[in-house]
Amino acid sequence: MDKEITAREAADILSELADLMEIKGDNRYRIRAYQNAARSLSSVSEELKVLVTEDRLMEIKGIGEGLSATIKEIFSTGTAGQLEELKRELPAGLLDMIEIPGVGPKRAHQLYYQLEISGVEDLKKALQEKKVQGLEGFGPKLAQNLREAVARYESFQERMKINEADRLAEKIAEHLEKKSELYHKYKSAGSLRRRKELVKDIDILMVPADPESDGLEKHLRELEGLHKVESGGSSKITLVLENGVKVDFRLVVGDEFPAAFIYFTGSKEHNVKLRQLAKQKGYFLNEYGLFSREDEERLELNQNNNLPEKARGGSASNSDQEKYAESAIYHFFGLDYIEPELREDRGEIEAARKGELPELIDFSNIRGDFHLHTRYSDGAFGIEEMAVAARELGYEYLAITDHSKSLRIASGLSEEQLKEQLEEIRKLQDKISGIKILSGIEVDILPEGGLDFSDEILEQLDLVIASIHSGFNQSRDKITGRLIEACHNPEVDIIGHPRGRLLGRRDAYQVDMSEVIEAAAETGTCLEINASPSRLDLDDLLARQAASRGVRLAISTDAHHTGELIDMKFGVDVARRAWLEKENVLNALPLEELLEFLA
DNA sequence: GCCGTTTTCGGCCCGACTGTTTTCAGTCG
């Protein structure tokens, strides 16, 4: 189990290679081929090792002879000769530099070769010393914009967590509602609508009441927390907030809305695929509609006829009206309606063509929560309060899973305290109706392997989650081994937050998730999608990989407070992005079937 | 570099906006 390159890591290396090729000024279609290959590779569910040894890389779309060889090289050596060569030629700092809005590959190239600027720090200095202005194509305004962009980059490198983005979008919505006469409707789009775990900027699509009026822009200038209006045209307004977040407004007229909604929801890669399809059929697709290439006439799509079956089904996340609007366009291409969470060019277009899209799980399918804490360990409420709050969400069951004794920092339970808790649950169950309280534990996987409680203790409980809370710096082999061993313990039902990451604060520990997924599949152990917006662990890609190997996922909140039980919706977002159906999810089971499973 | 319900060679998505320019390149989504 030596450090082995996964498909995702190989994909990252190809992306880096593509970025450097772009700065170097390589052929743009060659660069695109590398980017396409990286994207396909990042979402394959098979192990890279298998694909390499069986020589099947070329079965992946976008990977031909050349890239197959490069990927094999990456697999066996950990890098590519081309990449090493480019790294010798171009300093690594240039990769950071193209992260700055306004600096792309061309300008990075120019800055490096003409002023020897090889990173963000150099750029900042050169801007201060006004050296940049002299370059061809660099005027005083661009220099000023770059100065501001560098300052923002330094203060705000992180993306927002999805709950933060939701809050911000709500704040903007409140501001808009104050002057509802300015627009007919608006919808948030972009990665927020696709429910990505981290969001860079807020995208809002709007049909203004009067496209000629500057009333909207004026109103937006009064938004609380606004830093400045970065750009404003007749169809786009971009705001920058004090916290560095950009808010893009896209303005369209009513009948442009469906095409604009697809365009502005993205992803970019998904849009590119759709436009390729349009082109093949003799049309072109842009944000204003679908047009014939011959006469450039806009195609009027009847939005209510001949919808594919799945588009008629209800969904909590999209109103039928919007769905119909977008559906007409998808249907024109012979595709079923594609939910926003799937629009990442990870095979959804091919599946939609074959009518093989998943029937995505929905919050209404969730019947309980398995992972929550009470005052027995580090939670803020008692068992009864958590149970009542869970019942209010319409759940059939919840499991009480406090920490085990080794986790002193979270006042983990001793064997005696666990027994007391069991007793309280029994008594409470007689008193409270309408929800089943399962007894459980989040038992620590100890640094040297093994669990914090004996099997004799664990077998008295309804449900056991095993999690790692210590030894994060151990080797990849060691941590992978601890998790695999936990899977093989018959008392363990679920592996909690399998990668141990805290978004923006702590990286995942080193672990070979492919091996853990295989162990989970073999032993019938579930893997958690931890719904806390700070974790969202497993992520969409790994959850999808796990489900494709037959592993059931448990979506749980890890709530320490009654108010956190609703975080479940963020976990469902991940599950939807992972293509999960309710059959893939443990807590979509009715109580009876769940108890059978646990037994 | 990849790919083919037109193609094994000649294509490879589309548009807005800014700042720099006198017609467009660069960047972004």
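As a reminder, the structure under discussion sits directly above these lines.
Counting starts from 1 at the beginning of each chain's written sequence and moves along it residue by residue. Ligands are numbered from 1 and chains lettered from A, in the order in which they are written. With the structure being a predicted model, the display of local features is reserved for residues of pLDDT at least 70 and the display and counting of side-chain atom pairs for 80 or more, all residues being used for whole-chain, interface and lining totals. Each side-chain value is derived from all of the structure's non-hydrogen atoms; neither hydrogens nor water enter the calculation.

Student: In this structure, what is going on with a negative patch on the surface? I would like to understand it.
Tutor: There is a patch of like negative charges on the surface, built from E294, D295, E296 and E297. Numbering of helices and strands runs from the N terminus, with a helix taken as a DSSP run of H or I at least four residues long and a strand as a DSSP run of E at least two residues long. In this structure, D295 sits in the loop between β9 (289–292) and α15 (309–312). For patch building, the residue pool is restricted to those with more than 30% relative accessible area and no salt bridge; the joining distance is 9 Å between like charges and 5 Å between nonpolar side chains (Val, Leu, Ile, Met, Phe, Trp, Tyr). Method for areas: the Shrake-Rupley scheme with a 1.4 Å probe, in which residue coverage is limited to the protein chains shown. Just to be clear on terms, a salt bridge is a Lys or Arg side-chain nitrogen sitting within 4 Å of an Asp or Glu carboxyl oxygen. Working convention for charge: Lys and Arg count positive, Asp and Glu count negative, and His plus the chain ends are omitted. All charge positions are set by atom: Lys at NZ, Arg at CZ, Asp at CG, Glu at CD.

Student: Could you clarify how one ought to interpret the packing of helix α22 (residues 513–523) against helix α23 (residues 540–548) in this entry?
Tutor: Two quantities define a packed helix pair, namely the angle between the helix axes and the distance between the axes. Helix axes use the C-alpha atoms of the stretch in contact, all axes being lines fitted to C-alpha atoms, and the angles between their N-to-C directions lie in the range 0 to 180 degrees. Between α22 and α23, the shortest axis-to-axis distance is 9 Å and the interhelical angle comes to 35°. The two elements α22 and α23 meet at a crossing, and its hand is right-handed. Residues M513, S514 and I517 of α22 form the contact with α23, whose participating residues are L542, Q545 and A546. When residue character is reported, Ala, Val, Leu, Ile, Met, Phe, Trp, Tyr, Cys and Pro are called nonpolar, Asp, Glu, Lys and Arg charged, and the others, Gly included, polar. A class-by-class count of the residues in the contact of α22 with α23 yields four nonpolar, two polar and no charged. Left-handed describes a crossing in which the near helix is turned anticlockwise from the far one by less than a right angle; the clockwise case is right-handed. We call two residues in contact when some of their heavy atoms are within 4.5 Å.

Student: Please explain the pattern of salt bridges as it appears in this structure.
Tutor: One pass over the full model with this rule turns up 40 salt bridges. With its nearest N and O atoms 3.6 Å apart, the salt bridge here joins E89 to K24. With E89 in helix α5 (residues 81–89) and K24 in helix α1 (residues 7–24), this residue pair connects regions lying 65 residues apart in the sequence. Each residue gets one of three labels from its accessible area relative to the maximum for its type: buried under 20%, exposed over 50%, partly exposed in between, using a 1.4 Å probe on protein chains only. Accessibility expressed as a relative area gives 32% for E89, which makes it partly exposed. Between E423 and R426 there is a salt bridge, and its shortest N-O distance comes to 3.4 Å. Here the residue E423 and the residue R426 both occupy positions in helix α19 (residues 415–431), the gap between them amounting to three residues, near one helical turn. On the basis of relative accessibility, which here comes to 38%, the residue E423 falls in the partly exposed class. Here the salt bridges share partners, and the residues they tie into one network are R194, E344, R346, D540 and R577.

Student: Got a minute to help me understand the pairing of strand β5 (residues 226–232) in this structure?
Tutor: The side chains of a regular strand alternate between the sheet's two faces. At least two bridges found by DSSP between two strands are what make those strands a pair. Pairing of β5 with strand β6 (residues 236–241), which is carried by five bridges, proceeds in the antiparallel orientation. Looking at β6, one finds that V229 is bridged to L239.

Student: Even after reading the chapter, I still don't get the packing of α1 against α5, so can you show me in this structure?
Tutor: The geometry of α1 relative to α5 is characterised by a closest axis approach of 10 Å and an angle of 45° between their N-to-C directions. As far as their axial angle goes, α5 and α1 are oblique. Crossing angle aside, the handedness with which α1 passes α5 is left-handed. Where α1 approaches α5, its residues I13, E16, L17, L20, M21 and K24 are matched on the opposing element by Q82, L83, L86, K87 and E89. Residues that form the contact of α1 with α5 fall into these classes: six nonpolar, one polar and four charged. Note on angle classes: values under 35 degrees are labelled roughly parallel, values over 145 roughly antiparallel, values of 65 to 115 roughly perpendicular, and the remainder oblique.

Student: Looking at this structure, I do not really get the sheet that holds strand β10 (residues 368–369). What am I missing?
Tutor: Reading across the sheet, the seven strands line up as β10-β11-β12-β13-β14-β15-β16 and stay open at both edges, with parallel pairing between neighbours. Because the sheet does not close on itself, it has two edges, and the strands there are β10 and β16 (553–556). Pairing geometry for strand β11 (residues 397–400) and strand β12 (residues 436–444), over four bridges, is parallel. Bridge pairing in β12 links Y397 to K436. Contacting β11 and β12, helix α18 (residues 383–392) crosses the sheet at an angle of about 150° to β11.

Student: Would you explain unusual backbone geometry in this entry?
Tutor: Among all residues save glycine, negative phi is the norm, and among peptide bonds the norm is trans. The peptide bond linking G266 to S267 adopts the cis configuration, its omega dihedral lying at -5°. Within the secondary structure, S267 sits in the loop between α13 (257–265) and α14 (268–280). Cis geometry is adopted by the peptide bond preceding L538, which originates at D537 and carries an omega value of 5°. Inspection of the secondary structure puts L538 in the loop between β15 (526–530) and α23. Its identity is not glycine, yet D558 carries a phi of approximately 60°, on the positive side. One can find D558 in the loop between β16 and α24 (568–577). Backbone geometry at W579 places phi at a positive 65°, although glycine is not the residue there. With respect to the secondary-structure elements, W579 resides in the loop between α24 and α25 (591–598).

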